[in-house]
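Tertiary structure, described
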Amino acid sequence: MSSKLLGRRQVTMGATMGVATLATPLLVRAQEQPIKVGTIFPLSGPAGPNGQACTHAVQVAAEMINAKGGVLGRKIVLVSKDDESTPAVGVTRANEMANEKVAVVIEGWNSPVTLAMQPVLARADILDITAVSKADPILAGQANPFAVRINSSNGQDGSVIADILANRLNAKRIGFLSQNDAYGNGAQSVIEAELTKLGKPWEKVVTEQFPFKQTDFRVSLANVKQAKPDAVVAINSAESSGMPALIQQYRQAGIEGTLVGAVGTILPTVFRIAGEAMTGVVSADIYFPDLPPFDGIKENIEFVAAYKKAHNELPDKGAALGAAALEVWASAANTTKSLDRKTVAAAIRGKTVPGTILGNLTFAANGQAQHKDTVFKVVDGKTAKLEVLK
Amino acid sequence: MIKRHATSFALLLAGLAYFVPSVAGGAPAAYTACTTIAILAVMAYGADLVLSYLGEVSLGHTVFWAAGGYSAAILAVNYGWNGWATAGGAVVVSLVFACLLGLATLRTREFVFSLVTYAAAVVAMEIAFNWSYLGGSDGVVGIPPLDLPLLGWKFGGATNDELWPIAWLLLMATLLFIHRFRRSRLGTSALMVQMNPDLATALGVDARRVRLAVFVTSAPISALAGWLYAYQRAYVGTDMFETYFLVLMLTAIVIVGRRLLLGPLIGTALIIVQQNFFSIGGDGDKIVLGAVLAAILLLWPKGLVGFLDLLANRRRPAPQNED
C-alpha cells in the first residue's frame with residue numbers, strides 16, 4: 001500500500017474549496033434573505049392617523065425600491081411598531097427592533113419619544129433615521145453620534161416663522177400657544193430668538209402652554225383674546241386632534257390676531273377636521289405633493305401616484321418624510337455596499353443624496369436635511385386652497 | 001421546621017427566578033422583558049406599601065419614581081458619580097420629598113389624600129418641565145452605563161442582559177424588605193390603623209406617625225426603581241411623571257390582589273408580557289387593560305385572588321346538614 005502525503009498547496013486548495021462549498025449555501029441564503037427595516041411611529045392616540053400615514057408611505061417606498069432591485073440585491077421587508085406617543089412605549093419598541101435585528105429604524109413623530117428611543121437604538125448599533133421629530137437635542141450627538149433627520153429642525157423653522165411675523169405681518173404684539181414638551185418649548189424659544197435677531201420691535205403679550213394630548217383650549221384662548229395680539233403662533237404636533245381643535249376654537253373665540261401655524265403643522269388631517277376655520281391661517285412647509293418644485297421631480301411623481309393608488313389620497317408632508325427617509329437609507333446603503341451603521345451614516349451626514357422624492361437632499365454635517373420653505377396663506381379652508389406668499 | 005422549609009423554598013424560587021431569561025430562550029427580548037418587569041414591579045411595590053397597608057391610593061408615587069430617575073441622570077451626567085452614589089442620591093432625594101408630602105397629607109384621608117398626592121405629582125412635573133437644571137422639556141440625555149464598582153470588581157452595564165442581575169437583585173431585596181415589613185411592628189400597626197383605627201388608638205398606636213412612617217418608607221423603593229430605569233433607558237424625561245406609570249403601578253397592585261407578597265410582581269408581569277408579546281395595538285391594549293381592570297374590580301374586588309377563592313369555594317362540597 002502506498003501512501004502519499006498531500007502538499008501544502010493541495011491542502012490549502014482543498015480546504016478553501018471545502019469551506020467555499022460549505023459556505024456557499026449560507027452566503028447565498030444570507031444574500032437572498034430580505035433586509036428588515038423598522039418603523040416606529042404613533043399608530044394610535046392623538047397622532048395615530050399621522051403615524052399611520054408615515055408607515056404607509058414607508059411601505060409604498062419599500063415596494064418601489066424592491067421593484068427596482070431592492071438594497072444590495074435583497075428585498076426590504078418592514079417591521080412596523082406603535083410608540084403610542086409615549087416615551088416608555090417607544091423604548092420598548094426600540095428594544096424589540098434590536099431583537100428583530102433590523103438594519104435601520106425610521107422613527108419619530110414626537111420629539112420626547114425620539115429622545116427616549118435614541119440611546120436604545122444607538123447601543124444596539126442600529127442606524128436611526130428620524131423622519132419627523134423636530135427638537136434640536138435629537139442631533140446634538142449626546143445620545144446618538146450618527147443621528148440623521150429628514151424633517152426641518154426647530155432652528156430652521158424658527159427663522160421662517162420669525163420672518164412671517166416681523167416682515168410679512170408686521171406683528172408687534174405676539175402671542176404663543178405652545179405644546180409643553182421638547183418640541184413646543186424648543187420651537188417657541190427659537191422663534192423668540194430669531195425675532196430678537198431681526199431687530200424690529202416686538203412684544204410677547206401672552207404664552208399659553210398645553211400638553212400634547214389636549215383638545216380643549218377655551219380657557220387658554222380666553223387669555224389670548226384678552227391680550228389683544230397682532231398674531232398668535234400655534235405650535236401643536238397633534239395634527240389629527242389638538243391642532244384642528246385649537247384652530248376651530250380660535251375662530252369661535254373671535255380672536256382678531258392672525259393665526260400662524262408652526263412650520264409643517266398645517267397638514268391635510270388639520271384641514272379635514274377644522275375645515276372652514278382654516279381660512280386665513282398663515283404657515284409654511286417644506287413639501288407639497290402637487291406644487292413646484294415637487295410636481296416636477298420624477299421620483300415624487302411616481303411616489304405620489306403609487307401612494308394615491310394604495311391609499312386613495314395624496315401623501316402629506318409626514319408621509320413624504322417617511323418615504324424619503326427610506327430612500328435616503330437605501331441610496332446610501334447601495335452606494336457604500338454596506339449595512340453598517342457608521343458606514344451608511346457617513347454616506348449621508350454632510351453629503352448630498354440624489355434622487356429622492358424631495359429631490360437631491362443635502363445633509364449638514366450633524367445629519368440635518370436642508371430644505372427650502374414655502375410660505376402660504378389658506379384662502380379657503382373648506383377646499384384647502386392655498387395662496388403661496390412670495 | 002415549617003419555617004425553615006419555607007425559607008429554603010423561597011430561596012430556591014428566588015434563585016430560579018434569576019434564570020428565567022435564559023430559560024425563556026436567552027434572547028435579548030427575554031432579558032429586556034424580565035429587566036423591565038423587575039424594575040416596574042419594584043416601582044409598584046412602593047405604591048403597594050401605601051395602598052395595601054395604609055389603604056390609601058397614592059397618586060403621587062410617580063414623584064418618587066421620577067426623583068430616582070432624575071437623581072441618577074443628573075448625578076451621573078453632570079457630576080460623573082458612580083451607580084452607588086447615584087443610588088444614594090436617589091434615596092436621599094426621595095426621602096426628602098416623601099417627608100414633605102407625608103407631612104402635608106398627614107391629616108388627609110381617602111379622596112383628599114389621593115387628590116393632594118396627585119396635585120404634588122402635577123406640580124413636580126411642571127417644575128421638571130420648566131427647570132433647565134433638570135433638562136426642562138428636553139429631559140436629560142447621555143446617561144452613561146451603570147457602573148457599580150465593588151472590591152475591585154465592576155458590576156452594571158448598559159444592555160438589558162448586563163442590567164438583569166442588578167434588576168433581579170433589586171427585586172429580590174425589595175421582596176425581602178416587603179416580607180419583613182409585613183411582620184414588622186410598623187407593618188402590623190399600619191394594618192391595624194387601616195382596619196380598626198379605634199383599636200389602634202386604644203392600644204396607644206400613634207396613627208399619624210404610623211401613616212407618615214409608611215409613606216416615607218415607601219418612597220425609596222419606587223425611587224430605586226426609577227434609578228435603575230434611568231440607566232436602562234439612558235434618558236430621563238418628564239414622561240416619568242405621566243399617567244402611564246401611575247396607571248401601571250396601581251393596576252399591577254389591584255389586578256392580583258392587595259396585601260399579597262407576589263401580587264405587584266405578578267400583576268406587572270401580566271401587563272408587560274401582554275404589551276410586549278401579545279399587543280393588539282396601542283388603543284387595543286388600553287381597552288383590554290381598562291376592561292380587565294374594570295371587570296376584576298366589579299366582579300372580584302379582591303383581585304384575581306378573589307376569583308380563585310370563588311372557584312375553590314364552588315369545588316368544595318357543601319356542608320352536610322346532620323339534623
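Residues numbered from 1 in each chain as written. Chains lettered and ligands numbered in written order. Predicted model: local features only at pLDDT ≥ 70, side-chain atom pairs only at ≥ 80, totals over all residues.

**With respect to the overall build of chain A**
For chain A, the helix and strand inventory stands at 12 helices and 14 strands. Across the 390 residues of chain A, 55% fall into the buried class. Contacts spanning at least 24 positions in sequence make up 70% of the contacts within chain A whose residues lie at least 6 apart. (Helix = DSSP H or I, 4+ residues; strand = E, 2+ residues; numbered from the N terminus. Buried ≥ 20, exposed ≤ 12 C-beta atoms within 10 Å, placed from the backbone. Contact = placed C-beta atoms within 7 Å.)

**Some words on the overall build of chain B**
The secondary structure content of chain B amounts to 14 helices and four strands. The C-alpha atoms of chain B give a radius of gyration of 21 Å, which matches the 20 Å a tight globule of 323 residues would have. By its C-alpha atoms, chain B is 80 × 50 × 45 Å across when sized along the principal axes. Across the 323 residues that make up chain B, the buried fraction comes to 45%. (Rg over C-alpha atoms; globule rule 2.2 N^0.38 Å.)

**Focus on the nonpolar core**
In terms of nonpolar packing, the biggest core is built from 215 residues, with Val233, Ala323, Leu326 and Trp329 of chain A together with Val42 and Ile143 of chain B touching the most fellow members. Looking at this core, the element that brings in the most residues is helix H3 (residues 28-53) of chain B, giving 17 residues. Formed jointly, this core draws a minimum of three residues from each of two domains, domain 1 (33-152 + 292-362) and domain 2 (155-285) of chain A. (Core = buried A, V, L, I, M, F, W, Y, C linked by C-beta atoms within 7 Å. Domains from an automatic or database assignment.)

**So, the interface of chain B and chain A**
Across the contact, 23 residues belong to chain B and 27 residues belong to chain A. Going through the elements one at a time, H3 and helix H13 (282-299) of chain B are the ones with two or more residues in the side of chain B that touches chain A. Top element by residues in the side of chain B that touches chain A is H3 of chain B. It accounts for three residues.

**Some thoughts on the environment of valine 60 of chain A**
All names here are of chain A. Within the fold, valine 60 resides in helix H2 (residues 48-67). Taking the C-beta count within 10 Å as the criterion, valine 60 has 25 such neighbours and is therefore assigned buried. Sequence separation between valine 60 and leucine 198 is 138 residues, and the spatial gap between their C-alpha atoms is 42 Å. If we ignore the near neighbours within four places in the chain, the residues touching valine 60 are Phe303, Ala306, Tyr307, Ala310 and Ala323.

**Observations regarding the confidence of the model for chain A**
Looking at chain A as a whole, the pLDDT averages 89, with 92% of positions reaching at least 70. pLDDT under 50 marks residues 1-6 of chain A. Its contacts with residues more than four places away, or in other chains, come to one contact. (pLDDT = per-residue confidence, 0-100.)

**Overview of the environment of leucine 195 of chain A**
Residues and elements named next belong to chain A. Among the secondary structure elements, leucine 195 is positioned in helix H6 (residues 182-198). Judged by the 23 C-beta atoms lying within 10 Å of it, leucine 195 is buried. Residues in contact with leucine 195, not counting those within four places in the same chain, are Ala162, Leu165, Ala166 and Trp202.

**Brief notes about the packing of helix H7 (residues 160-183) of chain B against helix H10 (residues 207-233) of chain B**
Residues and elements named next belong to chain B. The interhelical angle for the contact between H7 and H10, taken along N-to-C directions, is 175 degrees, at an axis separation of 11 Å. Judged on the interaxial angle alone, H10 and H7 are roughly antiparallel. Across the interface between the two elements, Asn160, Leu163, Ile166, Ala167, Leu170 and Thr174 from H7 touch Ile221, Leu224, Leu228, Tyr231 and Gln232 from H10. Counted by class, the contact of H7 with H10 contains eight nonpolar, three polar and no charged residues. (Axes fitted to C-alpha atoms, helices over the stretch in contact; angles between N-to-C directions. Parallel < 35°, antiparallel > 145°, perpendicular 65-115°, else oblique. Nonpolar A, V, L, I, M, F, W, Y, C, P; charged D, E, K, R; others polar.)

**Considering the sheet that holds strand S4 (residues 127-130) of chain A**
All names here are of chain A. Strand order in the open sheet made by the five strands is S2-S1-S3-S4-S5, with parallel pairing throughout. Two strands close off the open sheet at either side, each with one partner strand: strand S2 (76-82) and strand S5 (148-149). Pairing between strand S3 (residues 104-107) and S4: four bridges, direction parallel. Residue pairing for S4: valine 104 is matched across the bridge by leucine 127. Helix H3 (residues 87-100) rests against strand S1 (35-41), S2 and S3 of the sheet, and its axis sits at about 180 degrees to S1. (Pairing = 2+ DSSP bridges.)

**Let's talk about H10 of chain B**
Here H10 of chain B contains 27 residues, and its C-alpha end-to-end distance of 39 Å stays within 8% of the 39 Å for a straight helix at 1.5 Å per residue. Of the residues trailing H10 of chain B, alanine 234 of chain B is marked for its positive phi of about 60 degrees. (Expected span 1.5 Å × (residues − 1).)

**With respect to the pairing of strand S10 (residues 282-285) of chain A**
All names here are of chain A. Alternating positions in S10 separate into two faces, Val282 and Ala284 on one and Ser283 and Asp285 on the other, with burial throughout. For S10 and strand S13 (residues 374-380), the ladder comprises four bridges, and the chain directions are antiparallel. Across the sheet, serine 283 pairs through a bridge with phenylalanine 376, a residue of S13.

**Re the pairing of S4 of chain A**
It is a general feature of regular strands that their side chains alternate between the two faces of the sheet. Residues and elements named next belong to chain A. On S4, burial covers both faces: Leu127 and Ile129 on one face and Asp128 and Thr130 on the other are all buried. Between the parallel elements S3 and S4, the chain passes through helix H4 (residues 111-123) in a crossover that is right-handed. Bridge analysis of S4 against S5 gives two bridges, and the strand direction is parallel. Residue pairing across strands places threonine 130 opposite arginine 149, the latter belonging to S5. (Right-handed = clockwise from strand over helix to strand, strands pointing away.)

**A short note on the domain arrangement of chain A**
A common way to report how large an interface is uses the accessible area buried once the components associate. All names here are of chain A. Split into domains, chain A comes out as domain 1 (33-152 + 292-362) and domain 2 (155-285). A straight line from the C-alpha centre of domain 1 to that of domain 2 covers 28 Å. If you look at the interface, domain 1 gives 20 residues, while domain 2 gives 22 residues. Every element with two or more residues in the side of domain 1 that touches domain 2 is listed here: H2, H4 and helix H11 (317-336).

**Observations concerning the packing of helix H4 (residues 61-79) of chain B against helix H5 (residues 83-104) of chain B**
Residue and element names in this part refer to chain B. Relative orientation of the contacting elements H4 and H5 amounts to 140 degrees, with a least axis distance of 8 Å. In terms of orientation, H4 lies oblique with respect to H5. Along this stretch, H4 crosses H5, giving a crossing that reads as right-handed. Taking contact as the criterion, the partners of Val63, Phe64, Ala67, Gly68, Ser71, Ala72, Leu75 and Ala76 in H4 are, on H5, Ala85, Thr86, Gly89, Ala90, Val93, Ser94, Phe97 and Ala98. Class assignment for the residues of the contact of H4 with H5 results in 11 nonpolar, five polar and no charged. (Left-handed = near helix turned anticlockwise from the far one by under 90°.)

**Brief notes about unusual backbone geometry**
Excluding glycine, most residues fall at negative phi; most peptide bonds, likewise, are trans. Residue and element names in this part refer to chain A. Here the bond from proline 292 into proline 293 is cis, since omega is 0 degrees, no more than 30 degrees from zero. In this fold, proline 293 is placed in the loop between S10 and helix H10 (298-311). One non-glycine residue, leucine 72, lies in the positive phi region at around 55 degrees. Residue leucine 72 is classed as partly exposed on the basis of its C-beta count, with 15 C-beta atoms lying within 10 Å. Phi at aspartate 125 is positive, roughly 60 degrees, even though this residue is not glycine.

**Points about H7 of chain B**
Taking 1.5 Å of rise per residue, 24 residues should cover 34 Å, and H7 of chain B covers 34 Å from first to last C-alpha, within 8% of that figure. Regarding H7 of chain B, the residues found buried are Asn160, Leu163, Trp164, Ile166, Ala167, Trp168, Leu170, Leu171, Thr174, Leu175 and Ile178 of chain B.

**Thoughts on the confidence of the model for chain B**
Close reading of the predicted structure is inappropriate where its pLDDT is low. Residue and element names in this part refer to chain B. Summarising the model, chain B shows a mean pLDDT of 87, and 96% of its residues fall at 70 or more. Averaged pLDDT values for the elements of chain B fall to 79 in helix H14 (residues 304-315) and rise to 95 in H4. For this predicted complex, the interface score ipTM comes out at 0.71, alongside a pTM of 0.78.

**Here's the deal with the environment of valine 288 of chain B**
All names here are of chain B. Looking at the element boundaries, valine 288 is found in helix H13. Taking the C-beta count within 10 Å as the criterion, valine 288 has 17 such neighbours and is therefore assigned partly exposed. Considering only alpha carbons, one finds valine 288 and glutamine 274, 14 residues apart in sequence, at a separation of 9.6 Å. With sequence-adjacent residues up to four places away left out, valine 288 is seen in contact with Gln274 and Ile280.

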